[in-house]
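One letter stands for each residue in the lines below.
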Amino acid sequence: ELSNSPSTMLWVIIALNFAPSGPFTILDQSVFHKRYLRKMRDLGEGHFGKVTLCMYDPNNDGTGEHVAVKALKHDGGGNQHECWLKEIDILKSLYHANIVKYKGCCTELAGGKVVQLIMEFLPLGSLKEYIIGCKIGVPQCLLFAGQICQGMEYLQSKRYIHRDLAARNVLVENDNLVKIGDFGLTKHIPEEKEYYRVRDDGESPVFWYAVECLRESKFSFSSDVWSFGVTLYEILTRCDPAMNPPKKLTEMLGNAHGQMVVTALISLLERRKTLPCPKDCPHEVYMLMKQCWNVEPGQRPSFKSLIESIATIRQ
Ligand code: ADP
Ligand code: MG
């Protein structure tokens, strides 16, 4: 039974103020508190990051939501932590139907260090996992390919190069929607420049790289188009492990080892030797891949023209 005495009113005001969603609290939706993040399972990992599915349930009553939480695998400090903060900032600045949505960050209490990136959870995981063995038809392959181009065109409009476009870095929301994820290698290209030079750290996804990336470490919008071509190849092979780009290209290299691999790969690509046409891949689609793998960056199609070509083939 509530009395209207001043002291009760005071307690009500205090309680409302401290309630997580009280009317007097200015809620920063992007601040996630570690104590409310409950780990459900691992979602996957790449070279640098590890992603887990968590339930964020601040009311602790089962009304929470699923989120994907990314953290550095080993926070080596220094430069690595800076790169990590950049990755978070980039994702924060992106808003597009075909790009995974940023939700917020979780900061370690001690030191205020940002440790986790909170994203929307895409229930079907990476395109690579989704597509292996599941016999999706060519129309669905092209639907996904077109959506990847839409996301890439948007990314480019913000002058970002992705540098790691591959099926493992595309996420699946449902049978009709994919989004680009993993902006760990993304770089901003200043207005007056056309490319970005990056030192190779020996962990680069070389089998997705354009020839000028391998030769001169020059990354541009056109080198992303090359990687899109490889991603398109992965989609049309349904990520069949027997057909995957590292395996196929290595077979074509003969017996190059270690450091020689990149040299041999450059020579192979310069001789216009490319990945083979996936079985059941329409000729026009393979032609698109080949255009993306043109040795001359300026001769490759733009994402805008790829969107149109894919739409035409789909009709
Ligand atoms: P890394 O930078 O280490 O490569 P990624 O961001 O590519 O990390 O994530 C690694 C894997 O985790 C992905 O290939 C995918 O399987 C899974 N994953 C990443 N983000 C999500 C997400 N938002 N929803 C569902 N699965 C995800
Ligand atoms: Mg990745």
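Residues numbered from 1 in each chain as written. Chains lettered and ligands numbered in written order. Predicted model: local features only at pLDDT ≥ 70, side-chain atom pairs only at ≥ 80, totals over all residues. Heavy atoms only, no water.

**Q** What's the story with the overall build of the chain in this structure? I'm lost.
**A** A tally of regular secondary structure across the chain gives 10 helices and 12 strands. Buried residues in the chain amount to 44% of all 315 residues. For the chain, the share of sequence-separated contacts (at least 6 apart) that also reach a separation of at least 24 residues comes to 62%. (Helix = DSSP H or I, 4+ residues; strand = E, 2+ residues; numbered from the N terminus. Buried < 20%, exposed > 50% of the residue type's maximum accessible area, 1.4 Å probe, protein only. Contact = heavy atoms within 4.5 Å.)

**Q** Help me out: how do you make sense of the packing of helix H6 (residues 221-236) against helix H10 (residues 303-314) in this one?
**A** When two helices pack together, their arrangement is given by the angle between their axes and by how far apart the axes lie. Look at H6 against H10: their axes get within 11 Å of each other, and the N-to-C directions meet at 30°. What the angle tells us is that H6 and H10 run roughly parallel. Contact residues: Phe221, Asp224, Val225 and Phe228 in H6; Phe303, Leu306 and Ile310 in H10. Class assignment of the residues belonging to the contact of H6 with H10 gives a composition of 6 nonpolar, no polar and 1 charged. (Axes fitted to C-alpha atoms, helices over the stretch in contact; angles between N-to-C directions. Parallel < 35°, antiparallel > 145°, perpendicular 65-115°, else oblique. Nonpolar A, V, L, I, M, F, W, Y, C, P; charged D, E, K, R; others polar.)

**Q** Please explain the packing of helix H9 (residues 283-292) against H10 as it appears in this structure.
**A** Axis separation between H9 and H10 bottoms out at 10 Å; the angle between their running directions is 170°. Classed by the angle they form, the pair H9 and H10 counts as roughly antiparallel. Residue-level inspection shows Glu284, Val285, Leu288 and Cys292 of H9 in contact with H10, the latter providing Leu306, Ser309, Ile310 and Ile313. Among the residues making up the contact of H9 with H10, the classes are represented as 6 nonpolar, 1 polar and 1 charged.

**Q** What is the right way to read the pairing of strand S4 (residues 65-72) from this model?
**A** Pairing between strand S3 (residues 49-56) and S4: 8 bridges, direction antiparallel. Each bridged residue has a counterpart across the sheet, and for Val51 the counterpart in S4 is Lys70. Pairing between S4 and strand S6 (residues 114-120): 5 bridges, direction antiparallel. Looking across to S6, one finds that Val67 is bridged to Glu120. (Pairing = 2+ DSSP bridges.)

**Q** What exactly am I supposed to notice about the site of ligand 1 here?
**A** The environment of ligand 1 is formed by 21 residues, the closest being Gly49, Lys70, Glu120, Arg168 and Asp182. One of the backbone N or O atoms of Arg168 is found 2.9 Å from an oxygen atom in ligand 1. Within the side chain of Asn169, an N or O atom sits 2.9 Å from an oxygen atom of ligand 1. The fraction of the free accessible surface of ligand 1 (550 Å²) that becomes covered by protein chains is 93%. The element contributing the most residues to the shell around ligand 1 is strand S2 (residues 37-45), with 3 residues. A per-class count over the shell around ligand 1 returns 9 nonpolar, 6 polar and 6 charged. (Near = heavy atom within 4 Å. Polar contact = N/O pair within 3.5 Å; in protein donor to acceptor, adjacent residues only side chain to side chain. Areas by Shrake-Rupley, 256 points an atom, 1.4 Å probe, with all protein chains shown as cover.)

**Q** Just to check I follow, could you spell out empty space enclosed by the protein for this structure?
**A** Gaps between atoms show up when a probe of the same size as a water molecule is rolled over them. The final tally for this structure, using the stated rule, is 1 cavity of 30 Å³ or more. By volume, the largest cavity amounts to about 90 Å³. Taken together, 13 residues line the largest cavity, and the ones lying closest to its centre are Phe207, Trp226, Leu249, Leu269 and Leu275. Looking at the lining of the largest cavity, the elements that each hand over two or more residues are H6 and helix H8 (260-270). In terms of residue class, the lining of the largest cavity is made up of 11 nonpolar, 1 polar and 1 charged. (1 Å grid on protein atoms, 1.4 Å probe; cavity = no way out; pocket = protein on both sides within 12 Å on 5 of 7 lines; lining within 4 Å. Points joined across faces, edges and corners; volume = space filled by probe spheres on them.)

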